[in-house]
Structures are given as C-alpha cells and as structure tokens.
Amino acid sequence: MILINAHKLEKSFSNKTLFHSLNFGLNEGERVGLLGPNGAGKSTLLKILAGVTDLDSGQISKKRGLRIGYLEQTPTFGQNESILDALISKHSDPDDAYARAYEIMGVMDFYRFGDSFLARKLSGGWQKRLALARELMREPELLLLDEPTNHLDVASIMWLEQYLCELPIAMLIVTHDRLFLQRVVTRIMDLDPRNPNELLDVPGDYLSYLEIKEQELNAQARHEKVLRNTLRRETEWLRRGAKARQTKQKARIEAAHELAEDVSDLAAKNRQQKVALDFGELGKTPKKLIEAIGISKSYGGENLFSDLDVLITPKSRLAILGHNGCGKSTLIRTILGYDKPDAGRVKIGATESSVAADVKIAYFEQNRETLNPDLSVFKNICLHGDFVDYRGQHIHARSYLDRFLFSGAKVDLPVAKLSGGEQARLRLAQLMLKDAQVLVLDEPTNDLDSDTLEVLENALSEFNGAVIIVTHDRYFMDAVSNQILAFAPEGHPDRTLKLFSSFLQWETWYEGIKSQNRNPSIKKGGPEGSKAKLLEPSPSTSSRLTSKEKSELDKMESTIQRLESELETLTSQSLQTDLMHDHQKLGKIHTEMAKLQETIDAHYKRWAELEKRR
C-alpha cells in the first residue's frame, strides 16, 4: 500500500533551488535511505513530509489518517522534562499512554535511569534514543529519521540497526553511514542534481545503489559525448555558410541552438565538484612522535584506563573506539599532553608531559568549537585581510574556499546558517592551513556526504604524519586506521583496553562478549574471530538432519537461484522509463521486491543452518 505519493515537489532556500519537479512514492513496510550531497535538501524534504516546513509548489498525497514520526538531527527536551514526561507527551490516548511508555522504556533499556530522570541530563546518544522512543509512542506507520546515528557510539548504532530492522513500519532515513545503509535499508533514493532526473530511485541495498549510480553517471557522460559530437558536426555545417533562408535550414539552426543548451546542461550535471583536501608534505619528522608509557587516569573516582602503552609514529593510524562517556576524549588529551596522567609518563618528541614545539598537532573537535557561528565563512578562514597563507603561498581567501565548494554568496553567509556537512568542510579548511605532523580527528565524519568522506579517506591515506581518530563511522574507521584501541563494553568488569587490527575483528570480539553475557554457560575459550563458536545454541542445531531436511537442503540452491532470478526480473521492470511516473505500479513492484528479498534472506539463513548441522 502506498503511504505517500509526492508529485512535482519544489523548494528553494536563500535564493537557491534545492529541488524541483521531484516525484516519488513511499510504500508500506519499506526502509528507504535518502542520500545526496550536502545542501541538496534532504533534511528539508523530511521536514516537508513531517509537516514542519511548507512546499513552494507541488503536491503530497497521504494515506488517510497516516501517522508519521519524525526524529530530528538534534532532539530537544524541556528543562524539567523527565524520561516519562517526554514519552507520554507524544501519545494521543491518555488512558493508554503510561502502559505504552513503560513498555517502550523496557524495550529500549531506560529502566537503568528511572522514569523521573531528567531527559536533558542524558548523554547525546541516550537523548537520541529517547527522541526515537518518543516518536514511537505515536505508533507511526512512517518513521522519518534525520541522521539517526549522529552522537551514537558504535555499540548503540549496532543496537539501532537491529531494532529498526525488526520494526514492521515504513522508514525514510537520511544518513551517510554506509555500513548502516547496507544493513538496514531495502531501497535507496539519491537526491543529487547530477542525476538525469534529479532523484535516482534504486530498489535493494547500498551496494546495489552504488553499481546503478555508477552506470547512470557513465551513461550520462557517454550521452554528453554523443551530443557534443553531434553539436560539432552541426556547427561545422553552419560555418560552411549554408543559407538560412529556407524553412528547413532555419529549423536546423534552431535545433543546433537547443542542442547546445542540452550539451551545456549535461556538462553541468556531469561536472563532479569535489572537495580538494591535502594535509601537506612533512619535513624532517621524529621517528617517535608520541610515546605514552604505563599511563593511568581516573575521573570522578572511576578508573578510565591503567598501565597503558601507546606509541605514535609517522604513518600511525590509530582509531579509538568505545561507548559514550568511557573516556575517549580524556585518553586523547592525556596522550597529547594536555592532561597529566595519574601514573606513567608521556613523551612528545623529545619532551616529557607537554606539547613539544617540534611536534605540530592539529585538532578537529567533535563540536567544531573553533568555528565562530556569528562570523561569515570568509571571516572564519581569514579574519584580517583577504589572503591566507597556505603551504607558504599567499592565496586569496575566496580562491582557497572554492576548494571546499564555498563560492559566490555562500562565502558571505554566517556559519550558523550552514548545514552540518558544510560546517564540517569549513573546519577541514581551517585545519589545512595548519602545518601538522599529528592529525587528531574527533568525529570528523558527522554530516559529511559520501563524496567528501571518500576524499577525506584518500587525503588521510596520503598524509605522511600520524592520524588519531574517534569516529562512529565503521566504514571510515576501517578504511583509515591500521590499529583500533578499544575500551571494554559498557558495564563489562574488565577495564583493560584492547588492540584490534580491524573493525570486523572488534565486532567478532564484541558479539562474543554479548553472547557470553546472555548465556554465561558458554566458555570463553575457542578460536578468536570464529562467530560460530560464540552464537547461542538452539535445540535444532545439535540434531542430525531428517530425511525431509536433507531433501530441503538438496533443493535449496536451485530454490534460491529461482528466487534471485525473479528478483532480477522485478528489478529490471522497476527501472523501465515508462514506470518512473506510475507510482502506483512502481510501488506494487517495490513491495513485491521487498517481500522477495526477505524470502531470499530467510532461505540463505536456513541453508547455513542446515549445512552447519550436516
């Protein structure tokens, strides 16, 4: 069933058209990821669907009585609003509100705080979870989620992935977390001016979207090349001096005019504007930039870490992973010499326990405090004069900002009016003006679009100095780091920090810890990294296969091939041009595809179970 049908939506902001002639439908039960470059209007579109912001033009048709939940990027709560107050505030039936609230508190683990705990005193991650619970009190049929993973630690994101996948409602999710998209969504809508029809609608997971996006952009580039060749031939014909008096020739000249406009439009679409990041070449660098030996630190009577050794050398790529409030920022400040350890010592360059002049450190703060929200983009880069010093060269600030996709009137906007992604780009622009041998990046990926994330990954891989990062973006963490220093899971008695070579290695260890907590009878031994050894046993996994199950297993591969063939057929149908504007028919196909994908996933799971028992 179609929940929402959008027809020719148009919205402008600050004399910039965000989108126009936007058409799409949202169907019952599907989980849709909404992607696009920073400033494309994704958050604005969510606000329009939630009824928070008005359209300039277009029409939105909704299912009668449709209940919509909307999770904002930064949730707000009243000064004296308790957890229970926040929950019952969004429920329409007072008689049922308390029962529903206590049910959700149990499911989402709020009993650890108590129902009278003030919402504003929760950490950013728990506030995000409470805001989600508050929207679920509406019992929505459609849930709009704007950057739901921001401010969540990795364990909370993994919990959210599982929780959303089990919710039997439709969702439209704005996020740049690539692993989250791959694990959660069943369809991608890409809002990008480069797309042929502005909105690229792809059924399936994130990997399917990447393949189709590349095909679309390549096809568009080839189309531009064909049109350019045609325009060249027409231009040569006109230059030969053909008389334009006859109707036929006049029509040909007019067609050439239109062709030139088409080529210009396509060239603009195909022009890939990317941020230019380069953290510079380093001169002579010490072999040991930072060395922490046996350091310990406590805060508020709680031991954060003890007897810890850390060595940072050029080309070190260290990620620090742990739950919110575990002490990641304190660890970084201690390693950098900003805070003194309770025990042990820190050497920075040749100096102990203080930031040495011969080791240059650049710091990207999580909340981007260095940016002045009241000043313009220009003044945040160049407070006095018009030029910046970049790698020993004097460059006009406007020219420098153009590298970070700030041009025209955008340069004079106050920082407070920029999107989160644009503010992150501006902070990176500030950072590049500093010579650094150690880059410390605290949540640099928040709000950045996938194109900028890719550029940042490449720039960090080419940087000759050391990188220390804290990030909840697991894909980025794996792409950039070669070591992960992880705090113990929240509530775990062992406070020793552990070292891992990749996120997947950490995830296997973490799932094992969770499994042991759920089932203490499972022994801690066994080969590390083997998930099968850590899973909870079920009654059926120990018995031999019955004859019926053997027959099922023999047919399983051919069954899955048949189902996948059906899915490919439906995918091809959904991409047909004549269906793009028939949202009713397209919605029906998408629903069938989602059901078919669930069936395929179930068959794969069953296949693995039968194979294991055999």
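The structure this text deals with has already been given above.
Below you will find a few notes about this structure. Everything numeric here is computed off the predicted structure, so don't read it as measured data.

As a further point, take the packing of aromatic side chains. Per the counting criterion, the structure on display carries 10 aromatic pairs. Geometrically, the ring pair formed by phenylalanine 113 and phenylalanine 117 is tilted, given 5.3 Å between the ring centres and 40° between the ring planes. Residue class for phenylalanine 117 comes out partly exposed when judged on its relative accessible area of 28%. Directly above the ring of tryptophan 126 sits arginine 129, whose terminal nitrogen or CZ lies 4.3 Å from the centroid. Seen from the ring of tryptophan 159, arginine 129 lies directly overhead, with NZ or CZ sitting 3.9 Å from the centre.

Right, let's talk about the sheet that holds strand E4 (residues 57-62) for a bit. Strand order across the open sheet formed by 3 strands is E2-E1-E4, with antiparallel pairing between neighbours. Either end of the sheet is taken by a strand with one partner, and the two such strands are strand E2 (16-27) and E4. Neighbouring strand axes in the sheet, compared pairwise and without regard to direction, differ in orientation by 10° on average. Across the sheet, helix H1 (residues 42-50) touches strand E1 (2-13), E2 and E4, and the angle it forms with E2 is around 55°.

With 13 residues, helix H12 (residues 420-432) should reach 18 Å at 1.5 Å per residue; the first-to-last C-alpha distance of 19 Å fits that figure. Buried residues dominate H12, accounting for 11 of its 13 residues. Where H12 is concerned, the buried positions are Gly421, Glu422, Ala424, Arg425, Leu426, Arg427, Leu428, Ala429, Gln430, Leu431 and Met432.

Before going further, it helps to spend a moment on the nonpolar core. With 54 residues, the main nonpolar core has Leu277, Phe279, Tyr400, Leu426, Leu439, Leu460 and Trp506 as its most contacted residues. Top element by residues in this core is H12. It accounts for 6 residues. When residues no more than four places from it in sequence are discounted, the contact partners of leucine 460 are Phe279, Arg317, Leu439, Leu441, Val467, Phe476 and Val480. Counting residues in each nonpolar core, the second largest holds 42 residues, with Phe77, Ala131, Ile157 and Tyr206 among its members.

As summarised here, the arrangement of the 6 strands in space is E5-E6-E7-E3-E8-E9, forming an open sheet in which the pairing is mixed. Of all the strands in the sheet, just strand E5 (68-71) and strand E9 (199-203) have a single pairing partner and so form its edges. Mean inter-strand twist for the sheet, computed between neighbouring axes without regard to direction, equals 15°. In this structure, strand E8 (residues 187-191) lies alongside E9, joined through 5 bridges in antiparallel fashion. Residue aspartate 190 lies in a different strand from E9, and its bridge partner there is leucine 200. Of the strands in this sheet, E5 and strand E6 (142-146) are in contact with helix H4 (residues 124-136), which crosses E5 at around 170°.

This part covers a nonpolar patch on the surface. A cluster of nonpolar residues, Tyr98, Tyr102 and Tyr111, forms a patch on the protein surface that exposes about 330 Å² of accessible area. Positionally, tyrosine 111 belongs in the loop between helix H3 (94-107) and H4. Relative accessible area serves as the criterion here: at 48%, tyrosine 111 is assigned to the partly exposed category.

Enumeration according to the criterion identifies 22 salt bridges in this entry. In this structure, the salt-bridge partner of glutamate 30 is arginine 187, at a minimum N-O distance of 2.5 Å. With glutamate 30 in the loop between E2 and strand E3 (31-35) and arginine 187 in strand E8, this residue pair connects regions lying 157 residues apart in the sequence. Accessibility expressed as a relative area gives 5% for glutamate 30, which makes it buried. Owing to a relative accessible area of 2%, arginine 187 belongs among the buried residues under this scheme. Note that arginine 427 and glutamate 365 form a salt bridge whose closest N and O atoms lie 3.0 Å from each other. Placement of the pair is arginine 427 in helix H12 and glutamate 365 in the loop between strand E15 (361-364) and helix H10 (377-381), with a sequence separation of 62 residues. Of the two residues examined, arginine 427 and glutamate 365, each falls in the buried class.

What counts, and at which threshold
Residues numbered from 1 in each chain as written. Predicted model: local features only at pLDDT ≥ 70, side-chain atom pairs only at ≥ 80, totals over all residues. Heavy atoms only, no water. Phe/Tyr/Trp six-rings, centres within 6.5 Å; stacked < 30°, edge-to-face > 60°. Buried < 20%, exposed > 50% of the residue type's maximum accessible area, 1.4 Å probe, protein only. Lys NZ or Arg CZ within 6 Å of the ring centre and 35° of its normal. Pairing = 2+ DSSP bridges. Helix = DSSP H or I, 4+ residues; strand = E, 2+ residues; numbered from the N terminus. Axes fitted to C-alpha atoms, helices over the stretch in contact; angles between N-to-C directions. Contact = heavy atoms within 4.5 Å. Expected span 1.5 Å × (residues − 1). Core = buried A, V, L, I, M, F, W, Y, C linked by side-chain atoms within 4.5 Å. Patch = residues over 30% accessible without salt bridge, like charges linked within 9 Å, V, L, I, M, F, W, Y side chains within 5 Å. Areas by Shrake-Rupley, 256 points an atom, 1.4 Å probe, with all protein chains shown as cover. Salt bridge = Lys/Arg side-chain N within 4 Å of Asp/Glu carboxyl O.

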